[in-house]
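# Descriptive structure summary
Residue strings, one per chain:
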Amino acid sequence: SFNKESIIFDAGCGTGLVGLELKKFGYKNFHGADLSQKLLDTIPTNLYQKLIKVDLNKPKRGGRKKFYVYVKTPSGKIKKVEFIKIDIESSNYKLVDCLIKNLDKFKAIQYEFAKGKKEKFIQLIEETKKKFDYYINVDNELKEMSAVDLIFKIKNEVDTKSTGLDVYFKQK
């Protein structure tokens, strides 16, 4: 469990279902982003501290694709995000390099391995295995999984063209 003042970022927040749960459990400092303005407009006012519309498929500066997380804190600088949830349909795999470069800023990650390149998801596991433990949802319970078993599962069992797999990372 995290400190109720922890910074939590909900990437792919959709209609705010995760935000409603966070509020129910007493968390106050959570931010959300989604590609769809229509979905963002359905989120109750003042549920998230900040909501932004993010399009990962739109080229930035010089035609390169980049992803930036903008979370404003009272001090103006972000030191650590306790938890980040990434559920951005067809763009999840594009965030791997960003996550790897910023691993020291995250205590826990929920990442949906879906609709992307399996090689990128495997790269993320390879790069994080010394710092994180992995868990998957099996029959509504989190089951710990080794990096080796998770990579095997991704290679042989996960259909990244449809359902994917939610993986929870927790700092060791």
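Residues numbered from 1 in each chain as written. Predicted model: local features only at pLDDT ≥ 70, side-chain atom pairs only at ≥ 80, totals over all residues. Heavy atoms only, no water.

## Looking at the packing of aromatic side chains
Counted according to the given criterion, the structure contains four aromatic pairs. Ring plane angle 80° and centroid distance 6.0 Å describe the contact between Phe 132 and Phe 169, whose orientation is recorded as edge-to-face. Of the two residues, Phe 132 sits in strand 6 (residues 132–138) while Phe 169 sits in strand 8 (residues 165–171), which places them 37 residues apart along the sequence. In this structure Phe 169 comes out as buried when scored by relative accessible area, which is 3%. Taken together through their ring pairs, the aromatic side chains of Phe 132, Tyr 134 and Phe 169 make up a single cluster. (Phe/Tyr/Trp six-rings, centres within 6.5 Å; stacked < 30°, edge-to-face > 60°. Helix = DSSP H or I, 4+ residues; strand = E, 2+ residues; numbered from the N terminus. Buried < 20%, exposed > 50% of the residue type's maximum accessible area, 1.4 Å probe, protein only.)

## Digging into the packing of helix 4 (residues 118–128) against helix 5 (residues 147–156)
The interhelical angle for the contact between helix 4 and helix 5, taken along N-to-C directions, is 180°, at an axis separation of 10 Å. It follows from the interaxial angle that helix 4 and helix 5 lie roughly antiparallel. Here helix 4 contributes Lys 118, Phe 121, Ile 122, Ile 125 and Glu 126 to the contact with helix 5, which in turn contributes Ala 147, Leu 150, Ile 151, Ile 154 and Lys 155. Considering only residue class, the contact of helix 4 with helix 5 consists of seven nonpolar, no polar and three charged. (Axes fitted to C-alpha atoms, helices over the stretch in contact; angles between N-to-C directions. Parallel < 35°, antiparallel > 145°, perpendicular 65-115°, else oblique. Contact = heavy atoms within 4.5 Å. Nonpolar A, V, L, I, M, F, W, Y, C, P; charged D, E, K, R; others polar.)

## Some thoughts on the pairing of strand 7 (residues 141–145)
Here strand 6 runs beside strand 7; their pairing, made up of five bridges, is antiparallel. Bridge assignment links Tyr 135 to a residue of strand 7, and that residue is Glu 144. Between strand 6 and strand 7, which pair antiparallel one after the other, the connecting turn spans two residues, and Asp 139 there sits at a positive phi close to 50°. (Pairing = 2+ DSSP bridges.)

## Examining the nonpolar core
Counting residues in hydrophobic clusters, the biggest one holds 30 residues, and the most contacted among them are Tyr 111, Phe 113, Ile 125, Leu 150 and Phe 169. Counting residues in hydrophobic clusters, the runner-up holds 11 residues, among them Leu 22, Tyr 27, Ile 43 and Leu 47. (Core = buried A, V, L, I, M, F, W, Y, C linked by side-chain atoms within 4.5 Å.)

## Focus on helix 5
Taken together, the buried positions of helix 5 are Ala 147, Leu 150, Ile 151, Lys 153 and Ile 154. With its buried residues spanning 160° around the axis, helix 5 presents them on a single face. Away from its buried face by more than 90 degrees, helix 5 exposes Val 148, Phe 152 and Lys 155. Buried residues along helix 5 sit in contact with strand 5 (106–113), helix 4, strand 6, strand 7 and strand 8. (Arc of directions from axis to C-beta.)

No statement about biological role is implied by the geometric values presented.
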